[in-house]
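# Analysis of the macromolecular model
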Amino acid sequence: MKVLKFGGTSVGSIKNIKSVKEIITDGDKKIVVLSAMSGTTNALVEISDYIKAKDIDAALNCIEVLSQKYIVVIDELFENSQLKQEVGNYIDAIFEYLTSLTSEKHTELLYNKIVSQGELMSTYMFTKFLNQEGVNARLLPALEFMRIDKTNDPDVFYIKQNLQRIIDEALPADIYITQGFICLDAYGNVANLQRGGSDYTATIIGGVIEADEVQIWTDIDGMHNNDPRFVKNTHAISNLSFDEAAELAYFGAKILHPQTVMPAQEANIPVRLKNTEDPESYGTLISQETHGDGIKAIAAKDNITAIKIKSARMLLAHGFLKKVFEIFEKYETSIDMITTSEIAVSLTIDNDKNLAAIIEELEKFSLVEVDNQQSIICLVGHSVVKHHETHRLFKVLQDISVRMISYGGSNNNISLLVNTNDKIATLQHLNKYVFEDVEAL
Ligand code: ADP
Ligand code: ASP
Ligand code: MG
């Protein structure tokens, strides 16, 4: 069985919803994971932000604007008045629930309750639409089987047991629809897999059912060799290894949620990235196989904090790094990049929740400098460090001030740390030096 995930734009218009129906009705039994309609989760986050800021009028206004959008969609998507009524009642109840939440105190749980509504709406509407079109589709509620544990990792044992149970209990169907993104936490409260998490839902499900393939359908024809939002003339990469795709997703290629690759890689399930608006295009196939050497793609990750730890005592002292790492471990903060010299260590973190406490402890034995607003630019491929054309990337040093370089840590990745203000220029220059000049040879 395959697992197909469709993102926000794929279910964001009547035209695309109809395309999704065409794509999934090929006669094969499958599980379909849906995101919320595009714009919905952002609107829900905004509603939560207004409640947090105690601006209830703005929150109510946002709810009203969003509900109008759904009224239009229901009207266009459903033909008979009884079905329109049934779906309308479900969506009305969701908006009434959202309205009732505006009088509650803002907490993380309240945020989680609010942002979970988008996927509940899209999956309900889409299942009813498929039924209207004569497709034997059934909804598998994610909150009945998708759960994370206390460390926020998927609780695979629970998911496997409960997914199997609800499939067995449901009436037979050709297509099972479920919500991406949303889940329960270890205490049974509604939670989520973080923004963009529907991709991750798809590979988690793929892993537990040992799917033949996971497909991520989106609004672009696969993983591009650079960020198409900032760089012109990027192109889709036909094949990526799990390691290459994981690095790109982790280091900011928005097309995939950072953790998507892991469950697929563990179970060796190929992941195909496809374009809903151009289903014929090949897309990208992510698998165990490696195709070609050298730099294949560039991605950027923002909100990085760089920390320089200087200590005269580091000179020739063993055990210094251990002391540093123990502090980061104590505050459960993982380190992405690291460079060292005899008297200083520079490292980066992407989670500054415990930064103040970390600095306080580091300052007990060193001088600490912190730079916020940094971005990691990651160049990914196979054997990039050894490849004869890799040196080209260093031409970028002529144009941009690079704060750190991590080279040789892995065979698949070279990372540069730059000020976020220089991110777009760095991506553009690197594109020229690494890809365009090479093509001109
Ligand atoms: P969905 O809503 O379907 O999950 P996303 O917006 O999360 O879609 O991801 C698709 C978007 O990712 C593309 O429209 C593109 O702008 C962006 N993107 C960023 N980096 C890349 C990349 N390297 N390759 C392809 N798309 C990328
Ligand atoms: N709807 C969620 C979000 O916008 C999850 C997703 O789209 O993957 O973050
Ligand atoms: Mg996404």
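Scope of this entry: the structure provided in the associated data block. The structure displayed is predicted, hence computed values, not measured ones.

Definitions and cut-offs
- Residues numbered from 1 in each chain as written.
- Chains lettered and ligands numbered in written order.
- Predicted model: local features only at pLDDT ≥ 70, side-chain atom pairs only at ≥ 80, totals over all residues.
- Heavy atoms only, no water.
- Near = heavy atom within 4 Å.
- Polar contact = N/O pair within 3.5 Å; in protein donor to acceptor, adjacent residues only side chain to side chain.
- Areas by Shrake-Rupley, 256 points an atom, 1.4 Å probe, with all protein chains shown as cover.
- Nonpolar A, V, L, I, M, F, W, Y, C, P; charged D, E, K, R; others polar.
- Salt bridge = Lys/Arg side-chain N within 4 Å of Asp/Glu carboxyl O.
- Helix = DSSP H or I, 4+ residues; strand = E, 2+ residues; numbered from the N terminus.
- Buried < 20%, exposed > 50% of the residue type's maximum accessible area, 1.4 Å probe, protein only.
- Pairing = 2+ DSSP bridges.
- Axes fitted to C-alpha atoms, helices over the stretch in contact; angles between N-to-C directions.
- Contact = heavy atoms within 4.5 Å.
- Right-handed = clockwise from strand over helix to strand, strands pointing away.

Let us now look at the site of ligand 1. Taken together, 16 residues form the shell around ligand 1, and within it K5, T218, D219, H224 and K254 come nearest. A distance of 3.5 Å separates an oxygen atom of ligand 1 from a polar backbone atom of I255. Burial of ligand 1 by the surrounding chains reaches 85%, relative to a free accessible area of 570 Å². Of the residues belonging to the shell around ligand 1, the class tally is five nonpolar, six polar and five charged.

What follows concerns the pattern of salt bridges. Within the structure shown, the criterion is met by 17 salt bridges. Between K128 and E86 there is a salt bridge, with its nearest N and O atoms 2.9 Å apart. Separated by 42 residues along the polypeptide, K128 in helix 6 (residues 117-132) and E86 in helix 4 (residues 81-101) bring together distant segments of the chain. What makes E86 partly exposed here is its relative accessible area of 31%. A network of salt bridges, in which partner residues are shared, links K301, D336 and D350.

Ordered in space as 12-13-11-14-16-15, the six strands form an open sheet in which the pairing is antiparallel. Unpaired on one side and paired on the other, strand 12 (335-340) and strand 15 (402-410) mark the two borders of the sheet. Taken over all neighbouring pairs, the strand axes of this sheet differ in orientation by 30° on average, direction set aside. Sheet strands in contact with helix 11 (residues 320-330) are strand 11 (294-310), strand 12 and strand 13 (344-349), and its direction is about 25° off that of strand 13.

S35, A36, T41, E119, F181, R195, G196, G197 and S198 make up every residue found near ligand 2. Between R195 and ligand 2, the recorded distance is 2.6 Å, taken from a side-chain N or O atom to an oxygen atom. At a separation of 2.7 Å, an oxygen atom of ligand 2 approaches a polar backbone atom of G196. In the complex, 86% of the free accessible area of ligand 2, which totals 260 Å², lies under the protein chains. Looking at the shell around ligand 2 residue by residue, the class counts come to two nonpolar, five polar and two charged.

What follows covers the pairing of strand 1 (residues 2-6). The buried fraction of strand 1 is high, at four of five residues. In this structure, strand 1 lies alongside strand 2 (residues 30-34), joined through five bridges in parallel fashion. Looking at strand 2, one finds that V3 is bridged to I31. Following the chain from strand 1 across helix 1 (residues 14-24) to the adjacent parallel strand 2, one finds a crossover that is right-handed.

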